[in-house]
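# Structural overview
Below are the chains, spelled out letter by letter.
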Amino acid sequence: MTQPTAPLTRATVKLNLAGARIMLDAAESKAREIGVDMDIAIVDDGMRLLAFHRMDGAKLTSIDVAIGKAYTAAGTRLPTSRYAEAAKAGGPAFGINVSNHGNFMIVGGGLPITLPCGDTIGGIGCSSGSAEQDTEVSQAGIDALLAAIG
């Protein structure tokens, strides 16, 4: 016999603006360190935009890309780079990049914000550099948050 599932969940950990600001500051610092102005987006676990920052020299065309990367990472609980191969022509997820009203991003630079306990509380997406640079800046934001919460 299976255990009944509670109809409500309580005491879930939520990312808030204070946490997002820690991530924005660290991501911006890393972007400056590597010499690439970035668009930096952070969404909560419901894929809703929580914070956004565009550095002065960041690409205007990367605003929506950064937000889409954060959205995709939070929603799938996977790095956006995991979809590049599967989404190419003939791949098992071909066309997924036009799903979710065009918000689904398959370019590297979006990472889920996952706590050590395994809970995903949001996503961060950075854009304006190479996929590797974008990912490095996103990871710096996550690392700062995890350090702040101990």
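Just above sits the structure.
Residues numbered from 1 in each chain as written. Predicted model: local features only at pLDDT ≥ 70, side-chain atom pairs only at ≥ 80, totals over all residues. Heavy atoms only, no water.

Looking now at unusual backbone geometry. You will see that Met47, though not glycine, has its phi angle at about 65 degrees, which is positive. Topologically, Met47 is positioned in the loop between strand 1 (39-44) and strand 2 (49-54). Not every positive phi belongs to a glycine, and Arg77 is a case in point at roughly 60 degrees. With respect to the helices and strands, Arg77 occurs in the loop between helix 2 (63-76) and strand 3 (110-114). Judged by relative accessible area, Arg77 falls into the partly exposed class, the value being 44%. (Helix = DSSP H or I, 4+ residues; strand = E, 2+ residues; numbered from the N terminus. Buried < 20%, exposed > 50% of the residue type's maximum accessible area, 1.4 Å probe, protein only.)

As a general point, the strands of a sheet are linked pairwise by backbone hydrogen bonds and lie either parallel or antiparallel. Across the sheet, four strands lie side by side as 2-1-4-3; this open sheet has antiparallel pairing. Looking along the sheet, the strands with just one partner apiece sit at the ends: strand 2 and strand 3. Averaged over all adjacent pairs, the angle separating strand axes in this sheet is 15 degrees, with direction ignored. Pairing analysis gives six bridges linking strand 1 to strand 4 (residues 120-127), with the strands arranged antiparallel. Looking across to strand 4, one finds that Ile40 is bridged to Cys126. Sitting on the sheet, helix 2 is in contact with strand 1, strand 2, strand 3 and strand 4, with an inclination near 155 degrees to strand 4. (Pairing = 2+ DSSP bridges. Axes fitted to C-alpha atoms, helices over the stretch in contact; angles between N-to-C directions. Contact = heavy atoms within 4.5 Å.)

Let us now look at the side chain of Asp44. Residue placement: Asp44 occurs in strand 1. Under the relative-accessibility criterion, Asp44 is labelled buried at 13%. Here the side chain of Asp44 touches Gly46 through a polar contact of 2.9 Å, landing on its backbone nitrogen. When residues no more than four places from it in sequence are discounted, the contact partners of Asp44 are Leu50, Ala74, Ile121 and Gly122. (Polar contact = N/O pair within 3.5 Å; in protein donor to acceptor, adjacent residues only side chain to side chain.)

Taking 1.5 Å as the rise per residue, helix 2 with 14 residues should run 20 Å; its terminal C-alpha atoms sit 20 Å apart, in good agreement. Residues of helix 2 that are buried include every one of Ala66, Gly68, Lys69, Ala70, Tyr71, Thr72, Ala73 and Ala74, and no others. As for helix 2, its buried residues are in contact with strand 1, strand 2, strand 3, strand 4 and helix 3 (131-149). The positive-phi residue at the C-terminal boundary of helix 2 is Arg77, with phi of around 60 degrees. (Expected span 1.5 Å × (residues − 1).)

Turning our eyes to something else, we now look at the pairing of strand 4. Burial analysis of strand 4 places eight of its eight residues in the buried class, the great majority of the element. Bridge count for strand 3 against strand 4 is five bridges, and the pairing is antiparallel. Its bridge partner lying in strand 4, Leu111 is registered against Ile124.

Counting through the fold element by element, Ala70 comes out in helix 2. Owing to a relative accessible area of 0%, Ala70 belongs among the buried residues under this scheme. Between the C-alpha atoms of Ala70 and Ser81, which are eleven residues apart in sequence, the distance is 12 Å. Excluding anything up to four places from it in sequence, Ala70 contacts Ala41, Val43, Gly123, Ile124 and Gly125.

Throughout the structure, instances matching the rule amount to one aromatic pair. Centre to centre, the rings of Tyr83 and Phe104 are 5.0 Å apart; their planes meet at 90 degrees, and the pair counts as edge-to-face. With a gap of 21 residues between them, Tyr83 in the loop between helix 2 and strand 3 and Phe104 in the loop between helix 2 and strand 3 connect regions that are remote in the sequence. By the burial criterion, Tyr83 is buried, and Phe104 matches it. (Phe/Tyr/Trp six-rings, centres within 6.5 Å; stacked < 30°, edge-to-face > 60°.)

These figures come from the coordinates and say nothing about function on their own.
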